[in-house]
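Per-entry structural report
As a plain string of letters, each chain reads:
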Amino acid sequence: MKAEKFKIKRRTFMKLALGTGAALSTGLSVPRFVEATDEIVEDSEREVFTYCAVCSGGCSMKAYVKYGRVVHLEGNPYDLAAGNPYNPKEGGRLCVKGYNAIRTLYDPDRLKYPLKRTNPNKGIDEDPGFVRITWEEAIKEAAAKFNQSIKQFGPESMLLISRSNDFLVRLGKAIGTPNFIAHQSTCFTTQQAAWAGMVMGSGRPWTYDLENSRYILCFGFDGLGKSKNQHVRNITKALSRGAKLVVLDPYKSITAAQAHRWLPIRPGYDLAFCLAMIYVILTEKLYNQEFVEKYTQGLEQLQDHILAQKYTPEWAADLINTPEITADTIREIAREFADPANQPAHIPSHKRDAAGPNYSNSTKLAQAQITLNALVGTIDRRGGTILPRNPRFPSFDNMFPLKEGLSFPTPNRKRIDNWEDRGRFVGSIHGNFATLPYGILNETPYAAKTALVRGYNPLSFPDHKLMIQAFAKLDFMLCFEIYPSEMAWLSDIVLPEPHWLEISGLGVRDYHSLYPMIAIRQPVVPQLYEECKGFSGVIVDLAKEMGYGDYFLDTSEGGSGYISGSKVQNKQMQSVGSSLNELRNSPTGVWQPPDPEDRKFKPQEIFGTPSGKIEFYSTLFAENGFDPLPKWQPRREDISDEYPFYMVISRPPMHKMTQTQNNVLALETYPENAAVINVSTGKRLGVRDGDEVYVESRGDGNVKRKIKLKAKLIEGIRPDTVMIYHGFGRYSNLLTQAFGRGANDGDLIPSMSFNEMKNLNDPGMGACMQDFAVKIYRA
């Protein structure tokens, strides 16, 4: 796709995003099935409330069905947490990925029945030779393989590689494995650590009330370009109300293109800019004195630290070394940010922006950003980041305690990814993709032999090819999937799951939620393929076959048989004074507190730190051996004569990570990725638009980190930087649309040994996803 396709004037952008929906926020054409909305809606036979599972935003939606098929999806107008107005006349919105989900449901490449590998060799070029097997055969063989590993090598030899799921966690605890491994070190643990250490004690917020912001300052945060419904609608509303948008990003993202000011900062140097902003605000006494005095602690320590380190704008400008960013630029932005006329002003940071786990200094950047937001008083205040207000469901163990006499074994403290060194700031049911291949390949601290994998693609791991070697070393892999993905390609048995438009569930509203809200998920249509089975039920069946069935007995009052997803959901709804049936029959598809007083926003005055205040000087960080104040730290790897380019990774707005590259509607607008470089860089290298180039990072032993893809030349990127969109380089030839398109950015990202991670002394244990340099040359 040409970069020019994303170009659109700010005023036109706002009209499109607010009037026609977030699908247009990228400057893209609305899908044809969206244009015919009125006719389709009037002609449909049935409307069903559900919520989207494309991303973690989980926007509530209405599905329209005719002749037993989904013909249209639209946003639920009652879902405030999706940025909608609770006004059916104004209508609900979805992002382009949400609208495109119908095509995923009806993709003929979907998995339809269990598969077993016949080729013992595993690799990119090794066809698995899948054959069809029955569910009974699949469960029996998987149970036997897992039990054999547990008996011979201990429970820690079994890895559970998945996002957190109550049923899977219960199985892992019953087995006694410590190895719950998920993706968060590549996603958000750096921000989570800073929020836990400075504000919340644990966890992190996901709600940004940007529609009420008057000054939005972004460091790599591409809220418009990632096409998340909530971010698109709220930033757009803010702009329509006269808010100023300033973006620092080495690449002119969609958000940067709509900004009043774009500053192409040197990658990994955002921390210097923020430290200098703090210097200006403190020395000129521009901070919100009332908020700081009442709700924060450690201002004097922060002032002494910033002054002693001499984090002046001149110091920062010298480090950043970018013509567009002078000391005067930094002073100007700091003064604008703190100006009472621009309040509320805020720095949003979601996941993989500069404060995400991209650099060795990302956690410190997150500390600095929280500091700046606290100085202007926009933490848990309208126009800023809102702390979680989720419904307080009882835990799985409280709802379904173990039967009398049964207990969980004590697991080995050591983990295969060294996550036990994480400290208290990130969750145990998380994990470190950056160190996982090192642990498996070196059998450190022990041998890993089997893995149950769900919801992940090896393309998303750092050092993708090394991760393939690690997966190939395992004796057995069981994969749960919807598609014949690359993870399925490497697995021994693959179990097909239903599409989210075919199943039930509850969605707690984490995003843009000013008070507790819950959305209902209902089967919109019957399952297309009878042999697809829901994950929780399969885990219970697997547990019974492995001999752990008693851990899933329904021991709740009046309960019988085994725990099920619907039993969990009903108990969750009962805990908020409702029921699953009541929500299913709701005229809005969402639950909210019935008392209007409970729906009023009430700012938090006591925070989760030991002092009960927002801590500029984090006592929790200090107690655990980490820097309690934001402090300058350089990148892990900077550019050099041999590797003269920074690399940044982004995600195209019409694709979701590695999940949508087989969706023909998404491919119509972005069919493959490219090496995006500056026009001047192309001239210097003798590379023209569309030429094939190699992008290469430092090798490591037998692993050669090099990819080949087409060059895309634009003006909107630093001359010393290359940008590559994530999600391509697909090698499963069972994906007939995605196969062979583009290249995988993960082939260039270095992994880490345990010592390399430990030496970073990072409480967020970030994977440093962009903290490396590359060279580019003609293919």
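Thresholds, definitions, all that
Residues numbered from 1 in each chain as written. Predicted model: local features only at pLDDT ≥ 70, side-chain atom pairs only at ≥ 80, totals over all residues. Heavy atoms only, no water. Helix = DSSP H or I, 4+ residues; strand = E, 2+ residues; numbered from the N terminus. Buried < 20%, exposed > 50% of the residue type's maximum accessible area, 1.4 Å probe, protein only. Lys, Arg positive; Asp, Glu negative; His and termini not counted. Salt bridge = Lys/Arg side-chain N within 4 Å of Asp/Glu carboxyl O. Phe/Tyr/Trp six-rings, centres within 6.5 Å; stacked < 30°, edge-to-face > 60°. Lys NZ or Arg CZ within 6 Å of the ring centre and 35° of its normal. pLDDT = per-residue confidence, 0-100. Contact = heavy atoms within 4.5 Å. Axes fitted to C-alpha atoms, helices over the stretch in contact; angles between N-to-C directions. Left-handed = near helix turned anticlockwise from the far one by under 90°. Core = buried A, V, L, I, M, F, W, Y, C linked by side-chain atoms within 4.5 Å. Pairing = 2+ DSSP bridges.

**Observations concerning the side chain of Glu74**
Within the secondary structure, Glu74 is located in strand S3 (residues 69-75). Of the side chains with opposite charge, Lys62 lies nearest to the buried Glu74, which makes no salt bridge, at 4.0 Å.

**What about the pattern of salt bridges?**
Under the criterion given, the structure shown has 36 salt bridges. For Lys62, the salt bridge identified is with Glu47, shortest N-O distance 3.5 Å. Note that Lys62 is positioned in strand S2 (residues 60-66) and Glu47 in strand S1 (residues 46-51), a separation of 15 residues in sequence. In this structure, the salt-bridge partner of Asp771 is Arg635, at a minimum N-O distance of 3.6 Å. Of the two residues, Asp771 sits in the loop between helix H26 (754-759) and strand S27 (773-778) while Arg635 sits in the loop between helix H23 (619-623) and strand S22 (645-650), which places them 136 residues apart along the sequence. Residue class for Arg635 comes out buried when judged on its relative accessible area of 7%. Overlapping salt bridges, with partners in common, bring together Arg170, Lys173 and Asp397 in one network.

**Structural notes on the packing of aromatic side chains**
Taken as a whole and judged by the stated rule, the model has 24 aromatic pairs. For the pair Phe146 and Phe476, a centre-to-centre distance of 5.5 Å together with 80° between the ring planes defines the contact as edge-to-face. Pair noted here: Phe146 is in helix H5 (residues 135-153) and Phe476 is in strand S16 (residues 476-481), with a separation of 330 residues, a long-range link. Ring centres of Phe396 and Phe400 lie 5.7 Å apart, and the angle between their planes is 50°; on these two criteria the pair is classed as tilted. You can call Phe396 buried: its relative accessible area is 7%. Put simply, the rings of Phe167, Phe396, Phe400 and Phe552 touch in pairs and so form one group of aromatic residues. The aromatic ring of Tyr529 is capped on one face by Lys112, whose charged end is 5.2 Å from the ring centroid.

**Remarks on the confidence of the model for the protein chain**
Counting all residues, the mean pLDDT for the protein chain is 91, and 92% of those residues have values of 70 or more. For residues 1-6, every residue scores under 50 in pLDDT, and the model assigns this stretch 19 contacts once sequence neighbours within four places are set aside. Counting interchain partners and residues more than four positions distant, the pLDDT-below-50 stretch residues 18-34 has 57 contacts.

**Some points on the packing of helix H10 (residues 270-283) against helix H14 (residues 327-338)**
It is at 9 Å that the axes of H10 and H14 come closest, and there the two elements cross at 65°. Our pair here, H10 against H14, has a crossing hand that is right-handed. Residues Phe273, Ala276, Met277, Val280 and Ile281 of H10 lie in contact with H14, whose contacting residues are Ile330, Arg331, Ile333, Ala334, Arg335, Phe337 and Ala338.

**Remarks on the nonpolar core**
Ranked by size, the top nonpolar core spans 63 residues in total, and within it Val199, Leu217, Phe273, Met277 and Phe337 carry the most contacts. For this core, the element with the highest residue contribution is H10, accounting for twelve residues. Setting aside residues up to four positions removed in sequence, Val199 forms contacts with Ala194, Ile370, Ile379, Leu387, Phe607, Gly608, Thr609 and Ile614. Of all hydrophobic cores here, the second largest spans 38 residues; its members include Met399, Leu478, Ile539 and Val568.

**Thoughts on the sheet that holds strand S20 (residues 590-591)**
Spatial ordering of the open sheet is given by S18-S19-S20, a layout of three strands whose pairing is antiparallel. In this open sheet, the two edge strands, each paired with only one partner strand, are strand S18 (505-508) and S20. Sitting on the sheet, helix H21 (residues 565-575) touches S18, strand S19 (518-521) and S20, and the angle it makes with S18 is about 45°.

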